[in-house]
Amino acid sequence: MRHWEAFWCIVLKDMRTYYLKPPNLSWGILFPVAWTGMFFIRSQTPVDIRMILPGVMAMSILFGTTSMLAVTVTFERKGRSFERLLLSPVPLRLLMLAKTGGAIFFGIVNACIPVLIASFLIDISGIGWAALAGSVALIAVSSTFLGLFIAVSVSEVFEAQTFSNFFRFPMVFLCGLFSPWPHCRLRSSRSVICFPSHTVRISCTMRSTVRAACRCG
Amino acid sequence: MAIEVSGLRKYFGRLRAVENVEFSVGEGEIFGFLGPNGAGKTTTINMLTGLARPDSGRIRYFGRDYTADIKQAQHLMGIVPDESNLYPELTGRENLKFCAALYGMPGREREQRSSRLLETFGLTEAAERKFATYSRGMKRKLTIAAGIIHRPGILFLDEPTSGIDVASARQIRSLLSGLNRRGTTIFLTTHYIEEAERLCARIAFIVAGRIVRVGTLDELMSSLEAGHVVELLTSAGTDQLAAELSGEFAGVRAETVEPGRTRLYCRKRLDLAPLFGFFERRGIEVSEARLVRPSLEDVFVRVTGLEIAKMDNGGHRGRRG
């Protein structure tokens, strides 16, 4: 019980302290917003937005969570405040859960931005919200752990961002967001950004598909 | 015993960091851990606090063996690193409350304890300011306050007064003495020998990863070859007089430092009455006689210098810096 109190304090402190840090602001918030705007403006019809939305959401989460970890872990390791956490009696697993928990939450919040923007442009009533929430959580968890792997491998925040881009950008290209390359998409089907974005896509079209099936039936 | 360490050993690859480190620290004691740069002080502290895992050896706190899981002992200790490592974005009060939360302190107690410590350390006025805006001395004080927020039985302090002004350093030393009087065991590493001399009851010297001397100040001082040194200020004093002194008193070596100032070196305590008689017979007036004690710095230089020379002769090179 005492440790859970420490857990919440770490999560809340990270949220308060790091959510609006410059690297996080640029890569984690502004970047996904810019991408979302770019794709939505480019789209000609509401159907296009619905098709693009899962990919943009997945990307927002990926960039948000990996940037967040780069800040919370790398910043603290550099300033040696991470040592303070390691020297506290909080179990190591709970400590890492607290550090990643904030990033997962941040990723989920990031995923809401494209949905919010899309809600002004298209009818989003066909989305299966439960399935979408599950898929978003799945992407947030998997990309947070990718971010953690990167954050513990480097010592500077800029190194973490650069190293993250070695993973993030190839994933964006491989998943076929820009061009529908069937071979690449097939090979990247197991990547952090692709497989969950498929599930997001399914959940985004779930109700309309079910409705269409009912009508046909 | 608050801390008992035996056979502690740590290698980084083929580089020896510490080897067979052994010492014990009594409850309520201030124990100094001194050594030149790269001697293994930080590695030892890291192993004692759980930041590094020893290759072998035992670590016991208050009689219980925690070697396999130091995490279980972390609630017993407060750690103040050589660099202040609190959160620059949080205020002084928020930092203390956060540190208290890490040790599972309930909300109300966190608030009370933080306020009390801010007051004790003279930081109440700066409590709502961000840590990043604090001066170096204030940062140091708040870091110490954060180290004792959960009332630990043992406090590890790494260079507590390094790089801060004299007034702040004095205040910190006085706060540490106060903490110790209330029963906190303090494990102190410092480069300031004078500080160790003032604060510590016992001191260990570590050189090249090995403990070379442990003892009270008196024990360490008496370990110097020089033994007792008595300095006399006299109305006259020559090399001839020094030679006569050496001849008359067995086990005493006299040396004229300058005319009228003579130093007597002896292994045992010197009886002053026959000495004054010696000068009286020669019509020489003695205006002052004082015991010249070797400083801890003399002992430190002698011990560490000797040991380094021994190690180099022994071919123990390639140790970790």
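Reference entry: report on the structure contained in this document. (Residues numbered from 1 in each chain as written. Chains lettered and ligands numbered in written order. Predicted model: local features only at pLDDT ≥ 70, side-chain atom pairs only at ≥ 80, totals over all residues. Heavy atoms only, no water.)

## A short note on the overall build of chain B
The number of helices and strands found in chain B is 10 helices and 14 strands. Split into buried and exposed, the 321 residues of chain B put 51% on the buried side. For chain B, the proportion of contacts with a sequence separation of at least 24, taken over those separated by at least 6, is 69%. Carbon and sulfur atoms provide 47% of the accessible area of chain B, an area that totals close to 15100 Å². (Helix = DSSP H or I, 4+ residues; strand = E, 2+ residues; numbered from the N terminus. Buried < 20%, exposed > 50% of the residue type's maximum accessible area, 1.4 Å probe, protein only. Contact = heavy atoms within 4.5 Å. Areas by Shrake-Rupley, 256 points an atom, 1.4 Å probe, with all protein chains shown as cover.)

## Quick word on the side chain of Lys13(A)
Checked against the element boundaries, Lys13(A) lands in helix H1 (residues 2-18). Since its relative accessible area comes to 5%, Lys13(A) is described here as buried. Contacts of Lys13(A), omitting those with residues within four sequence positions, involve Tyr18(A), Glu76(A), Lys99(A), Tyr87(B), Leu90(B) and Phe98(B).

## Concerning the interface of chain A and chain B
Contact with chain A, which involves 24 residues of that partner, is made by 27 residues of chain B. When chain A packs against chain B, close to 2300 Å² is buried across both sides, 57% of that on carbon and sulfur atoms. Considering only the surface of chain A that becomes buried against chain B, Arg80(A), Arg84(A) and Leu87(A) emerge as the three largest contributors, covering 34% of it. The tally of links between chain A and chain B comes to 4 salt bridges. Between Glu94(B) and Arg16(A) there is a salt bridge; the shortest N-O distance is 3.0 Å. The interface formed by chain A and chain B contains 10 residue pairs in polar contact (both at pLDDT 80 or more). Here the residues of the side of chain A that touches chain B sort into 11 nonpolar, 4 polar and 9 charged. (Buried area = accessible area lost by both parts, 1.4 Å probe. Salt bridge = Lys/Arg side-chain N within 4 Å of Asp/Glu carboxyl O. Polar contact = N/O pair within 3.5 Å; in protein donor to acceptor, adjacent residues only side chain to side chain. Nonpolar A, V, L, I, M, F, W, Y, C, P; charged D, E, K, R; others polar.)

## A look at the side chain of Glu195(B)
Residues and elements named next belong to chain B. Residue position: Glu195 is located in helix H6 (residues 193-199). Here the side chain of Glu195 touches Arg173 through a polar contact of 3.0 Å, side chain to side chain. At 3.2 Å, the side chain of Glu195 and the side chain of Thr190 are in polar contact. Apart from residues no more than four positions distant in its own chain, Glu195 is found in contact with Pro160, Thr161, Arg173 and Thr190.

## Digging into the sheet that holds strand S14 (residues 286-292) of chain B
Residue and element names in this part refer to chain B. The sheet built from 4 strands is open, its strands ordered S12-S13-S11-S14 with antiparallel pairing. The open sheet has two edge strands, strand S12 (252-258) and S14, and neither has a second partner. On average, each strand axis in the sheet is inclined to that of its neighbour by 20 degrees, with strand direction left out of account. The sheet strands contacting helix H8 (residues 239-248) are S12 and strand S13 (261-266), and the helix crosses S12 at an angle near 165 degrees. (Pairing = 2+ DSSP bridges. Axes fitted to C-alpha atoms, helices over the stretch in contact; angles between N-to-C directions.)

## Things to note about the pairing of strand S6 (residues 77-80) of chain B
All names here are of chain B. The alternating pattern of S6 places Met77 and Ile79 on one face and Gly78 and Val80 on the opposite face, and all of these are buried. Two elements, S6 and strand S7 (residues 154-158), share 4 bridges in a ladder whose sense is parallel. Note on S7: the bridge partner recorded for Ile79 is Phe156.

## What about the pairing of strand S1 (residues 3-12) of chain B?
Residue and element names in this part refer to chain B. With 5 bridges connecting them, S1 and strand S4 (residues 56-61) associate as antiparallel partners. Bridge pairing in S4 places Ser6 opposite Arg58. Alignment of S1 against strand S2 (residues 15-25), held across 7 bridges, turns out to be antiparallel. Paired with Ile3 across the strands is Val25, a residue of S2. Joining the antiparallel neighbours S1 and S2 is a turn of 2 residues, in which Gly13 adopts a positive phi near 65 degrees.

## Examining a nonpolar patch on the surface
Residue and element names in this part refer to chain A. A grouping of Trp4, Trp8, Leu12 and Leu97 is seen on the molecular surface, where their side chains present a nonpolar patch of about 440 Å² in accessible area. No other element matches the 3 residues that H1 contributes to the nonpolar patch. Counting through the fold element by element, Trp8 comes out in helix H1. (Patch = residues over 30% accessible without salt bridge, like charges linked within 9 Å, V, L, I, M, F, W, Y side chains within 5 Å.)

## What to know about the sheet that holds S7(B)
All names here are of chain B. Judged by pairing direction, the sheet is mixed, and its 6 strands sit side by side in the order S6-S7-S8-S3-S9-S10 without closing on themselves. Looking at the sheet topology across the chains shown, the edges are occupied by S6 and strand S10 (210-216). Looking at each pair of strands side by side, their axes are set apart by 15 degrees on average, direction ignored. Judged from the 6 bridges that link them, strand S9 (residues 202-207) and S10 form a sheet pairing that is antiparallel. Pairing of Ile206 across the sheet is with Ile211, part of S10. Most of the contacts of helix H4 (residues 136-147) go to S6, to which it runs at about 165 degrees, and overall it touches S6 and S7.

## Comments concerning the nonpolar core
All names here are of chain B. In this structure, Leu176, Ile203, Phe205 and Leu296 are the most contacted members of the largest nonpolar core, which totals 49 residues. Apart from the residues within four sequence positions on either side, Phe205 is in contact with Leu34, Arg210, Ile211, Val212, Arg213, Leu220, Leu296, Val299, Phe300 and Val303. The next biggest cluster of nonpolar side chains, apart from the first, holds 30 residues, and it includes Ala39, Met77, Ala204 and Ile206. (Core = buried A, V, L, I, M, F, W, Y, C linked by side-chain atoms within 4.5 Å.)

## What to know about the packing of aromatic side chains
All names here are of chain B. Going through the model one piece at a time under the given rule, you end up with 15 aromatic pairs over all chains. The structure contains a cluster of three or more aromatic residues connected by ring pairs, namely Phe23, Phe31, Phe33, Phe156 and Phe187. Here the guanidinium or amino end of Arg253 rests over the ring plane of Tyr265, the centre of that ring lying 4.4 Å away. Across the ring face of Phe278, the terminal group of Arg282 is positioned such that the distance to the ring centre comes to 3.8 Å. (Phe/Tyr/Trp six-rings, centres within 6.5 Å; stacked < 30°, edge-to-face > 60°. Lys NZ or Arg CZ within 6 Å of the ring centre and 35° of its normal.)

## Points about H4(B)
The end-to-end C-alpha distance of H4(B) is 17 Å, a good match for the 16 Å that 12 residues give at a rise of 1.5 Å each. Here H4(B) has its buried residues at Gly137(B), Met138(B), Arg140(B), Lys141(B), Leu142(B), Thr143(B), Ile144(B), Ala145(B), Ala146(B) and Gly147(B). (Expected span 1.5 Å × (residues − 1).)

## Concerning the environment of His3(A)
Residues and elements named next belong to chain A. Here His3 is to be found in helix H1. Taking the relative accessible area as the measure of exposure, His3 reaches 30% and is therefore partly exposed. Setting aside residues up to four positions removed in sequence, His3 forms contacts with Pro89, Val90, Pro91 and Leu94.

Nothing here speaks to function; it is geometry throughout.
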